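Residue strings, one per chain:
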Number of protein chains: 2
Amino acid sequence: MQIKGAERGTNSCFKPTDSARARMVGQRAAILLKSAPDGKAYLLHLAARLTHRGVRPSMRGHLAKPLHYMQDIRATVASEFEQVNQLIIDQLRSDVPMVENVGHYIVDAGGKRLRPLLALLTAAALGECSTDHIKFAAVVEFIHTATLLHDDVVDISSLRRGRPTANAEFGNAPSVLVGDFLYTRAFQLMVQLANMAILENMADTTNTIAEGEVLQLVRAGQTATTEAQYLDVITRKTAILFAAGCRGAAVLSGAEPALCDAMHRFGLNLGIAFQIVDDVLDYEGDPATMGKNVGDDLTEGKLTLPLIHAMRVGSPAEQALIRDAIAARSTAGIKDILAAVQRCGAIGYSREQARHYHDLALAELERLGDSPARTALRRITHLSINRDH
Amino acid sequence: MQIKGAERGTNSCFKPTDSARARMVGQRAAILLKSAPDGKAYLLHLAARLTHRGVRPSMRGHLAKPLHYMQDIRATVASEFEQVNQLIIDQLRSDVPMVENVGHYIVDAGGKRLRPLLALLTAAALGECSTDHIKFAAVVEFIHTATLLHDDVVDISSLRRGRPTANAEFGNAPSVLVGDFLYTRAFQLMVQLANMAILENMADTTNTIAEGEVLQLVRAGQTATTEAQYLDVITRKTAILFAAGCRGAAVLSGAEPALCDAMHRFGLNLGIAFQIVDDVLDYEGDPATMGKNVGDDLTEGKLTLPLIHAMRVGSPAEQALIRDAIAARSTAGIKDILAAVQRCGAIGYSREQARHYHDLALAELERLGDSPARTALRRITHLSINRDH
């Protein structure tokens, strides 16, 4: 499924580049340390953590490539996209400088704004983007960022090796609290929409996400995790917010219920495809460094589709290898595990599954009339599985 | 301000007793470990932590005392109070067993339900408790419990000594995620009220609480913290939810705006008095053990009113003592610090401030017609400053 050449490079838009991120970290840190010296240790820690999380090893080598492909997609709703970015900055305002600074830091370092983009394109495909659509798109990004922050605490909390424990602990506090600030600010913005159907759907969505996080926690270390259980977790953790972003935009456009449901299914299937590929990419890329994310998964006892498939079709020896690594939360056997995953065709199988959900997502778009926005939604769906980071 | 004898004992209703808590921990743990073996380590850790937080050293010696006084207060809205408890249990339902179990554990161990009680009594004082009031009271308790869970992660994260780091880290994950579950479940319940004014007020309230938590974090270790800054933090962290509970109940009763504002001020002033006394109690009680909570505050670099006053009026030597302990996050000089706080009259001063806000709260109740519910609200206000734990 890997795509080559120019198009390959264009996918680096899916994450900011190392150098761009480094610049952001530097500039932001300077502002932060000036305005909130108390926060110095927190913020440097957050910087380190976001940089760690935000940049995949597989990105190296594609950093200078142009972003035309994604820029073309954004061009369809360029001014609205800019308004969302501006609103996000405005809405980070707080009379507690630390909140504002950390909030800015997180959002600025955040990257691609894929979820708000989906909401804006859905609105454009159904008519036009209203100021309510702009607000709603910012809401979705705030909720996404809040879940990242809390997920980060959870990942850190379950790490047994890797980052210095003191730092990890030190960094938990602002991650939890700024996450709460973003969550609640999102609900403040939602109230401005005065749309009870959207409030209900977003309350349900955020509750489902929290359940999904706990579910992943409980499943940690369970090598008997099935593909169905994996799909349940990524649906709750990732896909449901894609779905809510598309449904909410359709609701605000006054689309009929059947069409709102179709856009919900589009987002849901796109989100599942997106997450499967995210998990597959941990097993690909630059061989010298690709073990990094897999190593984190092993130390967290987290099984994603490639490992689940390897546990299903791998040789008894390969299954034992994975079982022992998960049980010991150890990366000792990582080279053999990566080899086993490659050997048993787990990558190909996982990409087939991602393609299946990609196809389901595309099918839903057939209900929309032809428009540049629908074309952009198709291209995002294509990108979700045809990317290398 | 200490009150003696029978009435003194009655105040143990403000927290479950050691033995009651031990029973709850045992029963709950049994159910939990049976239904969610994966959660064993998390839950035992949560049990230890909740027990640690929930029971003040000063409680020992009052454990077997009767609860008549608080029971009299609850009697005014006995059946509604029971309905709230039932609704809380019903609303913890989740198809993720771990969520349901941890949720139950937290809520069952939670204790006094003071905030929902204030909402119910406000409703009763203004007419009658509707089913919407019952729902709203449960919402307030869920939000309170969620903030406790997240606050707990933050406290843990800033501890430098005390609990084993591995445990502390291990316990962070379910605290954050179940806190998110309770937060979002509260918003799901609120949506059922279909009252935009309440949704707006609760979104603002939870956002203010998050800001307050960050503010406390930023202020940690600052011995220059002023009384005004302390009041700002406890208003955001504690009092604002008391205020929102009373205002929301008044809004649901269809009270005129001026009366809703009055009930907001009642809750706000009551909450400030309640928190000041909470902080004062850390410096009182059984001398053999009273240093425990103060020790935690010192290791967290947290200054409460008694210390702030001591920094203001204490001798240069006493100020240096506190400054050094906070800077070093050390409990080494705790005996001298407790002595300094006693000597410079910080306890008496702090209790005077609590009394001031207690008086402001009582004054707002004059706007209500006479009723058993108003009498109960007065008695809660009285209890808030006349308790020993």
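See the structure shown above.
Residues numbered from 1 in each chain as written. Chains lettered and ligands numbered in written order. Predicted model: local features only at pLDDT ≥ 70, side-chain atom pairs only at ≥ 80, totals over all residues. Heavy atoms only, no water.

Draft legend 1. The packing of aromatic side chains, seen in detail. Inspection of the entire model under this criterion finds three aromatic pairs over all chains. The interplanar angle of 20° and the centroid separation of 4.1 Å between the aromatic rings of Phe187(A) and Phe187(B) together place this pair among those described as stacked. Taken together, the residues Phe187(A) in helix α9 (residues 165-193) and Phe187(B) in helix α9 (residues 165-193) connect one chain to another. Its relative accessible area of 3% is what places Phe187(A) among the buried residues. (Phe/Tyr/Trp six-rings, centres within 6.5 Å; stacked < 30°, edge-to-face > 60°. Helix = DSSP H or I, 4+ residues; strand = E, 2+ residues; numbered from the N terminus. Buried < 20%, exposed > 50% of the residue type's maximum accessible area, 1.4 Å probe, protein only.)

Draft legend 2. Up close: the pattern of salt bridges. Scanning the entire structure with this criterion turns up 32 salt bridges over all chains. As a salt-bridge pair, Asp261(B) and Arg247(B) come within 3.0 Å of each other at their nearest N and O atoms. One end of the pair, Asp261(B), is in helix α12 (residues 257-281); the other, Arg247(B), is in helix α11 (residues 227-252), with 14 residues separating them in the sequence. Where Lys302(B) meets Asp297(B), a salt bridge forms, and the shortest distance between an N and an O atom there is 3.9 Å. Through salt bridges with shared partners, a single ionic network connects Asp151(A), Glu213(A) and Lys237(A). (Salt bridge = Lys/Arg side-chain N within 4 Å of Asp/Glu carboxyl O.)

Draft legend 3. Quick look at the side chain of Asn386(B). With respect to the secondary-structure elements, Asn386(B) resides in the segment after α18 (372-385). Taking the relative accessible area as the measure of exposure, Asn386(B) reaches 3% and is therefore buried.

Draft legend 4. Region of the structure containing the nonpolar core. One finds Met202(A), Ile276(A), Met202(B) and Ile276(B) to be the most contacted residues of the largest nonpolar core, which totals 229 residues. Setting aside chain neighbours within four positions, we find Ile276(B) in contact with Tyr230(B), Leu231(B), Ile234(B), Leu305(B), Ser350(B), Gln353(B), Ala354(B) and Tyr357(B). (Core = buried A, V, L, I, M, F, W, Y, C linked by side-chain atoms within 4.5 Å. Contact = heavy atoms within 4.5 Å.)

Draft legend 5. Fine view of the packing of helix α12 (residues 257-281) of chain A against helix α18 (residues 372-385) of chain A. All names here are of chain A. Contact pair α12 / α18: the axes reach a minimum separation of 8 Å and the direction vectors enclose 25°. By the criterion of interaxial angle, the relationship of α12 to α18 is roughly parallel. When α12 is examined against α18, the residues Met263, Phe266, Leu270, Ala273, Phe274 and Val277 are found in contact with a partner set consisting of Leu377, Ile380, Thr381, Ser384 and Ile385. Its residues assigned to classes, the contact of α12 with α18 shows nine nonpolar, two polar and no charged. (Axes fitted to C-alpha atoms, helices over the stretch in contact; angles between N-to-C directions. Parallel < 35°, antiparallel > 145°, perpendicular 65-115°, else oblique. Nonpolar A, V, L, I, M, F, W, Y, C, P; charged D, E, K, R; others polar.)

Draft legend 6. Geometry of the packing of helix α7 (residues 114-126) of chain B against α11(B). Residues and elements named next belong to chain B. For the pair α7 and α11, interaxial distance at closest approach is 8 Å and the crossing angle is 30°. By the angle between their directions, the pair α7 and α11 is classed as roughly parallel. Where α7 crosses over α11, the handedness of that crossing is right-handed. Taken together, the residues of α11 that come into contact with α7 (itself represented by Leu114, Arg115, Leu118, Ala119, Thr122, Ala123 and Leu126) are Leu241, Phe242, Gly245, Cys246, Ala249 and Ala250. Here the contact of α7 with α11 is composed, by residue class, of 10 nonpolar, two polar and one charged. (Left-handed = near helix turned anticlockwise from the far one by under 90°.)

By themselves these figures say nothing about function.
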